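Listed below, chain by chain, are the residues.
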Amino acid sequence: MTLAAFTRRLAGASFIALAAIGLAAPAGAAEELNALVWCDHSDPNLLKPFEEANGAKVNVKEFEGTGAGLAIVEQSKPGDWDVMVIDSIDVRRGVDRGLFEPLPEDKLPLADLFPEVKMDAATMFGGKRYGITEKFGYNTVGYNKAKVDAADMQSLAVLTGDKYKGRIAIYDYYLPVIGMAAMAIGKKTADLTEADLPAIRDVLFKMKANAKAVTDVVASQTALATGEADILVGGGEWVTAGIAKENPDLDFSIPKEGAVLWSQSLAMFKDSKKKDLALKFIQYVLSPEGQARLATSSCYWGMPANTKASLSDDQKRILRFAEQPDFLKRAQGYPAPSEALDKKMQDLWTEMIQAK
Amino acid sequence: MSLSAVRAGWASITPALAWTLLFFVAPFLVMAVISLHPQEAGGFSAANYTQFFANPSYWRALTNSLEVTLLVTAVSIVLAYPFAWILATLVPERWQRLALMLAVLPFWTSYVVRSYSWLLVLAEKGIVNDTLIRLGLLAEPAQIANTRLATIIGFSHFFVMLLTLTIYANLKQLSPNYRKAAADLGAGPVRAFLHVVLPLTLPGIMVGAFLTFVLAIGDYITPQILGGNNELLMPQLIMMQIGRRGDFPLASALSIILMVVVSIAYVACARWLKIERA
Amino acid sequence: MVRAVAVVYAGAIYAFIFLPVLVLVLFSFQGTLFPIPPFNGPSLRWYEAVLNDPRLTSALGNSFVVAVTTSGLATLLGFLAAWGLARFELPGGVLLRGLITLPLTVSYLIIGMGLLVFFNALGVPKSLIAAGVGHVVINLPLCFAIVYSQMGEHQANIERAARDLGAAEWQVLALVTAPMLWPALFASFFLSMTFSWDEFVISFLLTRFDTTLPVEIWNLLRAGLNPKTNAVGSMVFGISIVLAIVFELTAFRRRPQ
């Protein structure tokens, strides 16, 4: 009996000790903002000025694909999350689930954004704006110009031909690369259907046969930086700009077939209990200062959506700021598949990776 | 045994038992139930399992995993055995502890960082290729990083150490008299080893091999960092379902399939895995 | 001849074991952005970057707290269970022993996945505590197995003697059994700490904002190539070596005999 009581007490004590781990976490600032983000928003360089100005703390949780991000939200309690970074073309998926709050257009610098990236069709529903584009760029052909002939990089055919066999890496994200494969055979990324998949499959398999590796963000950078690969399918400023200082030979092209435009938006949750702070955060990220810091975030660089971003001339040159009007004209958006087609595309991607 | 003694016995094992039931057995059952509710189709069906066996790119993840894991296990045993034998028999007794410590020391680095370090070591401009080219042994850099070979090297690094420990412990328990006796009976060193030492160290090998199998087949980091995604192993396929699509039912089904494979390995090794009391 | 071959072989294995770690430490002192040859240091800039990164330093603290707490709990539960099963003949004892050691035979990924869907189903949010629960699951069977294997008959006799002298059951356990098993308890705790400290996948699946060092290092790795990763890896290495030496000098020296 005594022993039973003893063990009970011990077990109780250990539970309390374990619970204390949670409580021991720093009490933190008065207000906290819970943000579901991509890795570029975790940079202290971006968050600190906002935290200091508002006496708040931004808690960030990184996620990969939209499906996974929405799953995180669904497993949380309403009100757990305040803001989310999401592919602009996927804003609809959050709206369909009734997750997002309309944004007050008059309080946001919409007039300053590059007009091509506002993407009203994808972010406005029933006359209300649910997402605002904050950063964009291209999934195209990234390369090391000291190692390849830059003229070859003007056509997507180089990816399926055998001139650079074994010197190519493929960025491990199915949507943009499937988009590029579609463009290589003259299809529009916006109109893809299941009937197009067999032809896209052929292109992907030819690319895979040429490829050395299928790499995530950092492995892509590593592969180009270490000379492991000379060409990155799906690469762009987001992989070359951040390391341009160390290796000025890294560059990207927009081939004659065009490139895939990636674009990320900020959205606010309907159930957020801190909508004022959430709006302030969105305003900060879209301000010229926030835009410059986001554009040059340590995880990856990208074009700021705001034309007035306070970037240095050097940073603008690296991002090829002046050439944007031409690039934007030739770019197409991410494929925006239905959930059923999305699953098929992911299975196709898995099949490509597993191909011997 | 008195009633109070029985009570004391139960009371002392209850916390551990409750913990295991609540946080190991119950989650497993929940996972099994969820795996039968496919995300897309909804309802109650075995679609996630049939999909696994119907889609070659899914079950190839399992065969890839088995190939890599078995190779790693074999390579690690072959490399570790002579090393453990040298440590146990040729190194003077008072230096053995230090020699073992030295072999374990590098594993006090973070294991995520260690895998990443292997990637840099094996890269085209990495130190291995760099050295081989400078020595004139290679004309141009060999492709090692981002291949299955890199995954196997990364795995073997850890498991050579682990197997060295289990085999060393086993060798130390053997009396040198066994070998002497075998020699007296006319067995040469090779026969003495094959017929006496090797069978007696089989438990050490099997315990290490089982641990290697279980830990390697469920590991995500090493293949993800070193394999260059030129093929997927089971843990990568599982994490892909969670990371990209949030498809928990499919991820659960894949986990259960992996669990079945590990259980088969356990049954195969069970006779060597008993916990003996002093 | 045998000796020469042995020396060469052992040297080769040591080289294999040390290679990535030496390279790791060397390039943590790299002066530029790429931790690959040529080496152009030494520079301390990446160490400075690590110490100025609040996410890494708080993850370091989290990892330490989780490792110590969960190892303590796992050792305690493992010790109690081992004592109960070794000293009392309980019905179904073999089965219970099997059940408690079962998690030892399962990959961490499966344990993490199970807890993830389980906590989801119950509506328990992700947290360090959730990850800690998982760490106890993986370490409890280990602690149990180590302590159980050290429970011999001679200790039972001493316990009986203590009981005859009027000690209550809990006093026997705390004042007689535990001190006798000190080396086994210590080994359990130490080994658990090692595993918890370096565990990735369970923490990755079960934590949200506050997380452990391996997960934060993974995030860092995903955030771009730089020798900061080398620096934080080298620092962990340094701390671990110091801890190991301290343990070696204090704990192992005071062993009975």
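Residues numbered from 1 in each chain as written. Chains lettered and ligands numbered in written order. Predicted model: local features only at pLDDT ≥ 70, side-chain atom pairs only at ≥ 80, totals over all residues.

## Observations regarding the overall build of chain A
Stated formally: Strands here mean DSSP runs of E at least two residues long; helices mean DSSP runs of H or I at least four residues long; both are numbered from the N terminus. Radius of gyration: C-alpha atoms only; globule rule: 2.2 Å multiplied by the number of residues to the exponent 0.38. Buried means a residue has 20 or more other C-beta atoms within 10 Å of its own C-beta, exposed means 12 or fewer, and partly exposed covers the counts in between; C-beta atoms are placed from the backbone. In this description, a residue-residue contact is defined by the distance between C-beta atoms placed from the backbone, which must lie within 7 Å.
Secondary structure assignment for chain A yields 15 helices and 14 strands. Taking 356 residues into account, the globule formula puts the C-alpha radius of gyration at 21 Å, and chain A, at 22 Å, falls close to it. With the C-alpha coordinates aligned to their principal axes, the bounding extent of chain A is approximately 80 × 55 × 45 Å. Per-residue burial for chain A yields a buried fraction of 52% across its 356 residues. Contacts in chain A between residues far apart in sequence, at least 24 positions, make up 77% of those at least 6 positions apart.

## Some points on the interface of chain B and chain A
Between chain B and chain A, the contact holds 26 residues from the first and 26 residues from the second. Those elements that place two or more of their residues in the side of chain B that touches chain A are helix H1 (3–34), helix H3 (56–90) and helix H11 (234–245) of chain B. When residues in the side of chain B that touches chain A are grouped by element, the largest group, six residues, is from H1(B).

## Brief notes about the domain arrangement of chain A
Residue and element names in this part refer to chain A. The criterion, for reference: Boundaries between domains were set according to an automatic or database domain assignment. Throughout, the ten residues Ala, Val, Leu, Ile, Met, Phe, Trp, Tyr, Cys and Pro are labelled nonpolar, Asp, Glu, Lys and Arg are labelled charged, and all others, Gly among them, are labelled polar.
Structurally, chain A comprises domain 1 (31–136 + 262–320) and domain 2 (137–261 + 333–354). For domain 1 and domain 2, the distance between their C-alpha centres works out to 26 Å. Sorting the residues of the side of domain 1 that touches domain 2 by element identifies strand E12 (259–269) and helix H13 (313–319) as the ones contributing at least two each. Of the residues belonging to the side of domain 1 that touches domain 2, the class tally is eight nonpolar, two polar and two charged.

## A look at the interface of chain B and chain C
In this complex, chain B contributes 67 residues to the contact, which on the side of chain C involves 74 residues. Of all elements in the fold, only H1, H3, helix H5 (111–122), helix H6 (127–134), helix H7 (148–173), helix H9 (189–217), H11 and helix H12 (248–269) of chain B reach the threshold of two or more residues within the side of chain B that touches chain C. Looking at the side of chain B that touches chain C element by element, the count peaks at 20 residues for H1(B). Along the lines of polarity and charge, the residues of the side of chain B that touches chain C split into 51 nonpolar, 11 polar and five charged.

## Structural notes on the environment of Phe327(A)
Residues and elements named next belong to chain A. Note on placement: Phe327 falls in helix H14 (residues 324–330). You can call Phe327 buried: it has 21 C-beta atoms within 10 Å. Ignoring sequence-local partners within four residues, the contact set of Phe327 consists of Tyr138 and Ile254.

## Observations concerning helix H7 (residues 174–184) of chain A
Residue and element names in this part refer to chain A. Counted residue by residue, H7 has 11 buried out of 11 residues, so it is predominantly covered. All of the buried residues along H7 are Tyr174, Leu175, Pro176, Val177, Ile178, Gly179, Met180, Ala181, Ala182, Met183 and Ala184. Phi turns positive one or two residues past the end of H7, at Gly186, with a value near 75°.

## Section: the nonpolar core
Rule in force here: Linking buried Ala, Val, Leu, Ile, Met, Phe, Trp, Tyr and Cys residues through C-beta atoms within 7 Å yields a set, and such a set is a nonpolar core.
Within the largest apolar cluster, 261 residues are counted, with the highest numbers of intra-cluster contacts made by Val83(A), Val233(A), Ala82(C) and Val147(C). Counting the residues that make up this core, at least three belong to each of domain 1 (31–136 + 262–320) and domain 2 (137–261 + 333–354) of chain A. Apart from the residues lying within four places of it in its own chain, the contact partners of Val147(C) are Gly78(C), Phe79(C), Ala82(C), Leu181(C), Ala184(C), Leu185(C) and Ser188(C).

## Here's the deal with the confidence of the model for chain A
Heads up, the condition is: Every residue gets a pLDDT, meaning the predictor's confidence in that residue, from 0 to 100.
Averaged over all residues, the pLDDT of chain A is 87; the fraction at 70 or higher stands at 92%. Segment residues 1–29 of chain A is flagged for pLDDT under 50; beyond a separation of four residues in sequence, or across chains, it makes 42 contacts in the model.

## With respect to the packing of H3(B) against H7(B)
Residues and elements named next belong to chain B. Stated precisely, the cut-off is as follows: Axes here mean lines fitted to C-alpha atoms, for a helix over just the part in contact, with angles spanning 0 to 180 degrees between N-to-C directions. Every angle not falling under 35 degrees, over 145, or within 65 to 115 is termed oblique; those three ranges are roughly parallel, roughly antiparallel and roughly perpendicular. If you view the pair so one helix is near and one far, a crossing is left-handed when the near helix is turned anticlockwise from the far one by less than a right angle, and right-handed when it is turned clockwise.
Interhelical geometry of H3 versus H7 gives an angle of 40° and a closest axis separation of 6 Å. As far as their axial angle goes, H7 and H3 are oblique. In the packing of H3 onto H7, the handedness of the crossing is right-handed. Its residues assigned to classes, the contact of H3 with H7 shows 21 nonpolar, four polar and two charged.

## Side note on unusual backbone geometry
In this structure, Met119(A) is a non-glycine residue whose phi angle is positive, near 50°. Relative to the elements of secondary structure, Met119(A) occurs in the loop between strand E4 (100–101) and helix H5 (120–123). The phi dihedral of Asn146(B) is positive, around 65°, even though this residue is not glycine. Among the secondary structure elements, Asn146(B) is positioned in the loop between H6 and H7. A residue is classified by how many C-beta atoms lie within 10 Å of it, and Asn146(B), with 29 of them, is buried.

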